[in-house]
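The primary structure of each chain is shown beneath.
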Amino acid sequence: MGLKSWDRQRRERQARLDAAAPLAQGKIVPTARVSALLRALIRPGDRLCLEGDNQKQADFLADALAALDPAEIHDLHIVQSGVVLQAHLDLFERGLARKLDFSYSGPQSAAIARALDAGKIELGAVHTYIELFARYFMDLTPNVALIAAVQADHEGNLYTGPNTEDTPTIVEATAFKSGIVVAQVNKLVDKLPRVDIPGSMVDFVIEADRPFYVEPLFTRDPAAITEVQILMAMMALKGIYAPYGVRRLNHGIGFPTAAIELILPTYGEALGLRGKIATHFALNPHPTLIPAIESGWVEQVHCFGSEVGMDQYMSARPDIFFLGQDGTLRSNRLMCQTAGLYACDMFIGSTLQIDLAGNSSTFTNGRIAGFGGAPNMGADARGRRHASPAWMQAGQEAAGEAGSLVRGRKLVVQMVETFGEKLVPRFVEELDSVRMARDLKLDLAPVMIYGDDVTHIVTEEGIANLLLCRSTEEREQAIRGVAGFTPIGRGRDRAVVERLRARKVIQRPEDLGISPLDATRQLLAARSVQDLVACSGGLYRPPAKFRNW
Amino acid sequence: MNAPGMNAQSDYYYEASARERAQGLLDPGSFTEFMGPQSRCLSPHLAQFNLTGAFDDGIIIGAGLLQGMPVYVAAQEGRFMGGAFGELHGAKLVGLLRAAAAHKITAVLLALDTGGVRLQEANAGEMAISEVLRAIVAARRAGVAVIALVGGRAGAFGGGGIIAASCSRIIVSGHGRISVSGPEVIETNKGVEEFDSKDRGLVWRVTGGRSRALLGGADAYVADRISAFRDAALAQIPNAPPFTLESLQAEQARLSQRLAAYGTCRDATEIWRQAGLEPPAPVADLSEADYAGLSRLPEADHDAR
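Residues numbered from 1 in each chain as written. Chains lettered and ligands numbered in written order. Predicted model: local features only at pLDDT ≥ 70, side-chain atom pairs only at ≥ 80, totals over all residues. Heavy atoms only, no water.

**Concerning the overall build of chain B**
When helices and strands are tallied, chain B shows eleven helices and seven strands. Taking 305 residues into account, the globule formula puts the C-alpha radius of gyration at 19 Å, and chain B, at 19 Å, falls close to it. By principal-axis analysis of the C-alpha atoms, chain B measures approximately 55 × 55 × 45 Å. Scored against the burial criterion, the 305 residues of chain B give a buried share of 54%. Pairs at least 24 residues apart make up 73% of the contacts formed inside chain B by residues separated by at least 6 positions. Considering chain B, the positive charge centre built from 28 side chains and the negative charge centre built from 33 side chains are found 3 Å apart. (Helix = DSSP H or I, 4+ residues; strand = E, 2+ residues; numbered from the N terminus. Rg over C-alpha atoms; globule rule 2.2 N^0.38 Å. Buried < 20%, exposed > 50% of the residue type's maximum accessible area, 1.4 Å probe, protein only. Contact = heavy atoms within 4.5 Å. Lys, Arg positive; Asp, Glu negative; His and termini not counted. Charge placed at Lys NZ, Arg CZ, Asp CG, Glu CD.)

Listed below in structure tokens is the structure:
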């Protein structure tokens, strides 16, 4: 066995570090040498993570990488959660990168579909966040990670600030498997507010020519919430949160869940639910949660990332949020996703399309939007072994009379208005994503949340409790029974739907004692972004595009 | 169900529909709508574009009492096509103003909430605006006080901005915006360097109610409440200036002075600085009480309009 060497990766790493050493003073590389640094450290065929998180982007390094010569650097395998910048697409358009494994694309969803169709991208898979993170430690470990932090000191210690997000996970996988970690920072300082990433895991630090970009993704303007969404929010509170006593949960980012957050202090209070529901959240810091926090509803919130404008507010609420000793938020996507998967009793979010089996997707024609975290939030965790009243009640309902050994179930609630923009029905026979998967010859049709994980569907017409359905036919009729005037809804069997209603499988607003006439914007604890600012005592500083004063 | 605010009549002006504004401005129960939705007067143009019309064409007109005094009221529905002026929409307002002049009504409350001309109706919409302007002048000449109220989502833009400026008095709230070319229009035509429409703080500093009131582009500033607009209208009606050659010349002189003094300023903050009226904090962030304590430009209080 003496011929086998066991440190090939380490020697490879050392050779690259040696090549880059003349460019640096210790770990610090001058801004202008960014291209030379990347050329010294990156080799064709490398597996590379160019930190693109849900929010934070290593945009300075992305631009520098995308400008390199494809004759020198090519066939990169990009493994990162977010593909959201033009530079990310340029890597493929310019022939620097070939293969892609990612989670979320957002604004680049159409460009990715086009590049895929044109053969510019060889797609590994579209993952969920923790699924991709898991593969960092199995078969997609990066050779090089280009990451973003707020500040570094001269030892290479990093302060990632409120948007820590994916950084610890990326660095963990790369640094401990002979990979190379390069950090772009907004500023070099002598002393950091706190150390988020120890310098021993960081090889080079380079000051970017501008602060890294963060997109405000989780701000929903209360002024845009409709009365239909408020009606759905009332039904969700009275028909799901209250009877199951849901305390630990995750909210999606749509307007219907923003409406729920904003009626907790009004409608929820009137129902006497404070302290009984919605006390612990795995959630980005939604500005619309401020009134519920301020009125004492929320006990604690752990965050995947941060949100533009929320930093000061969170720093002033240390009992609610996870903060460093320096007083600023520490987010962590991996930890928060894990909390959402195993420690939440409910996921509730909106979707763009839902089929007769309850499968839903946000991949619409010509767009590969990715999954982000929703599939993990919106899936029953089969490995969960701790009981809670909400989880047990859901399990009991699913088992019906049959169960002697009953396991619990996570509540997975889809809120969907029957018609979307331009009066396009949200309920469909076949998801767009299924057709797209056929057209693009994907191995797996992209489904955001599988029907067998969905427990409830809330529309303006009512709530369908799929846990109580005893056959595929009942499920289909329960879904048709809340699908309103869409073709799917009009295809219902009235007699069956009425029987389901008698069994409370379907509940209309009137069955829940809710009058649609009460669903007015007066129920919102804040009706505008300005109200949110006032509610926060001026601590919330909304980004310019959300102001109307 | 007795949650805070539930089932209570909302007093928020910004949130209210045009009909709620018309009713809320007047004495309770006194509003009579003319050509209401039951008359089904639909725009003759929208159907050609496969657009759904509204049975009131986006404007509510009628009569009622303001503290016992007979007045007319018109309220645009900013949520229907941005409150834009079409042929029928404009005709309803022209008719109301002419009736006010003919019947010597003391005042017309004009709740503007509009982006200007309804593009689909093009020339018919432009003509509607001209006819409204003529009718306002005629009504004012006949002694009617025409009071513009601006505090809705759409503001008063395009021809709506010109209409506001030709009224006897303008009352505005913090959400209200008054201008002719909208922020996006300026950006499209002159470039983002000239005006960044996404910098919403800038948009409100230049066109918003607080700035307009401080600089004299509006005569009264009120909180975002229907009752506050009503109180301000009651206060302004007796002070409505006559529409005479002298008042026009005075207004022209005032505006020329302002242009000479502040014509090169690119932002409202520069005007305040030049006028020596630097507010203690960004004007938008002041509480209503602190804002009320600010002094206006010396020439903002005038009797010209």
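Let us keep going from here.
**A short note on the overall build of chain A**
Broken down by element type, chain A carries 19 helices and 19 strands. Projected onto the principal axes, the alpha-carbon positions of chain A cover approximately 75 × 50 × 50 Å. When burial is assessed residue by residue, chain A has 60% of its 549 residues classed as buried. Residue pairs in contact within chain A that sit at least 24 positions apart in sequence constitute 72% of those at least 6 positions apart. When the accessible area of chain A is evaluated, it comes to approximately 21100 Å², of which 52% is carbon and sulfur surface. (Areas by Shrake-Rupley, 256 points an atom, 1.4 Å probe, with all protein chains shown as cover.)

**Notes on the nonpolar core**
Residues and elements named next belong to chain A. Judged by nonpolar contacts, the single largest core of 110 residues is most densely connected at Ile-42, Leu-65, Leu-146 and Leu-158. Shared between two domains, this core holds at least three residues of each, these being domain 1 (28-207) and domain 2 (222-530). Formed by 63 residues, the second largest nonpolar core is a distinct cluster that contains Ile-230, Ile-240, Ala-394 and Tyr-540. (Core = buried A, V, L, I, M, F, W, Y, C linked by side-chain atoms within 4.5 Å. Domains from an automatic or database assignment.)

**Quick look at helix α1 (residues 8-20) of chain A**
Residues and elements named next belong to chain A. In a regular helix each residue adds 1.5 Å, so 13 residues correspond to 18 Å; α1 covers 19 Å between its end C-alpha atoms and thus fits that length. Of all the positions in α1, only Arg-16, Leu-17 and Ala-20 are classed as buried. For α1, the buried positions fall inside an angular range of 100° around the axis, keeping them on one side. (Expected span 1.5 Å × (residues − 1). Arc of directions from axis to C-beta.)

**A word on the packing of helix α3 (residues 59-66) of chain A against helix α4 (residues 86-93) of chain A**
Residues and elements named next belong to chain A. Contact geometry for α3 and α4: axes closest at 9 Å, N-to-C directions at 20°. Between α3 and α4, the angle falls in the class roughly parallel. Every pair of crossing elements has a handedness; the one defined by α3 and α4 is left-handed. Of the residues in α4, those touching α3 at Ala-62, Asp-63, Leu-65 and Ala-66 are Ala-87, His-88, Asp-90 and Leu-91. Here the residues of the contact of α3 with α4 sort into five nonpolar, one polar and two charged. (Axes fitted to C-alpha atoms, helices over the stretch in contact; angles between N-to-C directions. Parallel < 35°, antiparallel > 145°, perpendicular 65-115°, else oblique. Left-handed = near helix turned anticlockwise from the far one by under 90°. Nonpolar A, V, L, I, M, F, W, Y, C, P; charged D, E, K, R; others polar.)

**Focus on the side chain of Glu-15 of chain B**
Structurally, Glu-15 of chain B can be placed in the segment before α1 (18-25). For Glu-15 of chain B, a relative accessible area of 12% corresponds to the buried category. In terms of polar contacts, Glu-15 of chain B uses its side chain to reach the side chain of Arg-521 of chain A, at 2.3 Å. If we skip the residues at most four places from it in the chain, Glu-15 of chain B touches Arg-521 and Arg-527 of chain A together with Arg-79 of chain B. (Polar contact = N/O pair within 3.5 Å; in protein donor to acceptor, adjacent residues only side chain to side chain.)

**Details of the pairing of strand β4 (residues 97-104) of chain A**
All names here are of chain A. For β4, the tally of buried residues reaches six of eight residues, placing the bulk of the element in the interior. Summarising the sheet, strand β3 (residues 76-82) and β4 pair through six bridges and their orientation is parallel. Note that in β4 the partner of Ile-78 across the bridge is Leu-100. A crossover links β3 with its parallel partner β4, the connecting element being α4, and its sense is right-handed. As judged from the four bridges shared by β4 and strand β5 (residues 122-126), these two strands associate in the parallel manner. Paired with Phe-102 across the strands is Val-126, a residue of β5. Handedness of the crossover joining β4 and β5 through helix α5 (residues 109-117) is recorded here as right-handed. (Pairing = 2+ DSSP bridges. Right-handed = clockwise from strand over helix to strand, strands pointing away.)

**Focus on helix α2 (residues 34-41) of chain A**
Residues and elements named next belong to chain A. Within α2, the full set of buried residues consists of Val-34, Leu-37, Leu-38, Ala-40 and Leu-41. All buried residues of α2 lie within an arc of 160° about the axis, which places them on one face of the element. On the buried face of α2, the contacting elements are α1, β1 (28-29), α3, β6 (144-152), β8 (180-188) and β9 (204-207).

**Examining the packing of aromatic side chains**
If you walk through the whole model with that rule in mind, you get six aromatic pairs over all chains. Here the aromatic rings of Tyr-221 of chain B and Tyr-291 of chain B are separated by 4.4 Å at their centres, their planes lie at 55°, and the arrangement is tilted. With Tyr-221 of chain B in strand β7 (residues 220-222) and Tyr-291 of chain B in helix α11 (residues 288-292), the pair connects residues that are 70 residues apart, well separated along the chain. Judged by relative accessible area, which is 5%, Tyr-291 of chain B ranks as buried. One aromatic cluster is present, built from ring pairs that chain together Tyr-129, Phe-133 and Tyr-136 of chain A. One cation-aromatic arrangement involves Lys-56 of chain A over Phe-212 of chain A; the distance from NZ or CZ to the ring centre is 5.9 Å. (Phe/Tyr/Trp six-rings, centres within 6.5 Å; stacked < 30°, edge-to-face > 60°. Lys NZ or Arg CZ within 6 Å of the ring centre and 35° of its normal.)

**What about the domain arrangement of chain A?**
Residues and elements named next belong to chain A. On domain assignment, one finds that chain A holds domain 1 (28-207) and domain 2 (222-530). Each of domain 1 and domain 2 has a C-alpha centre, and these two points are 32 Å apart. Across the domain 1/domain 2 interface, buried area totals approximately 2400 Å², and carbon plus sulfur atoms make up 57% of it. When the buried surface of domain 1 facing domain 2 is broken down by residue, Ile-130, Pro-162 and Arg-194 rank first, second and third, together holding 25% of it. The tally of links from domain 1 across to domain 2 stands at four salt bridges. Counting every contact that joins domain 1 to domain 2 gives 20 residue pairs in polar contact (both at pLDDT 80 or more). (Buried area = accessible area lost by both parts, 1.4 Å probe. Salt bridge = Lys/Arg side-chain N within 4 Å of Asp/Glu carboxyl O.)

**Thoughts on the sheet that holds strand β6 (residues 169-173) of chain B**
Strand pairing in a sheet takes place through backbone hydrogen bonds and is either antiparallel or parallel in direction. Residues and elements named next belong to chain B. Pairing is mixed across the open sheet formed by seven strands, whose spatial order is β1-β2-β3-β4-β5-β6-β7. Only two strands of the sheet have a single partner each, and these edge strands are β1 (32-34) and β7. In this sheet, neighbouring strand axes are inclined to one another by 25° on average, regardless of whether the strands run parallel or antiparallel. As paired strands, strand β5 (residues 145-150) and β6 are joined by four bridges and run parallel to one another. Note that in β6 the partner of Val-150 across the bridge is Val-172.

**Side note on the pattern of salt bridges**
Here the structure, examined in full by the defined rule, presents 47 salt bridges over all chains. One salt bridge connects Lys-545 of chain A with Glu-215 of chain A, and the closest N-O pair in it is separated by 3.7 Å. Highlighted residues: Lys-545 of chain A in the segment after α19 (529-535) and Glu-215 of chain A in the loop between β9 and α8 (227-244), separated in sequence by 330 residues. In this structure Lys-545 of chain A comes out as partly exposed when scored by relative accessible area, which is 43%. A relative accessible area of 25% places Glu-215 of chain A in the partly exposed class. For Glu-15 of chain B, the salt bridge goes to Arg-521 of chain A, with nearest N and O atoms at 2.3 Å. With one member in each of two chains, Glu-15 of chain B in the segment before α1 and Arg-521 of chain A in the loop between β19 (506-507) and α19 form a pair that bridges those chains.

**Concerning unusual backbone geometry**
Across residues other than glycine, the phi torsion is negative in most instances, and most of the peptide bonds are trans. We note that Glu-165 of chain A has phi near 50°; this positive angle belongs to a residue other than glycine. Within the secondary structure, Glu-165 of chain A is located in the loop between β7 (158-159) and α7 (167-175). With relative accessibility at 0%, the residue Glu-165 of chain A sits in the buried group. Of note, the phi angle at Lys-104 of chain B is positive, near 50°, even though the residue is not glycine. Position of Lys-104 of chain B relative to the elements: it lies in the loop between α2 (87-102) and β4 (107-112). Accessibility expressed as a relative area gives 60% for Lys-104 of chain B, which makes it exposed.

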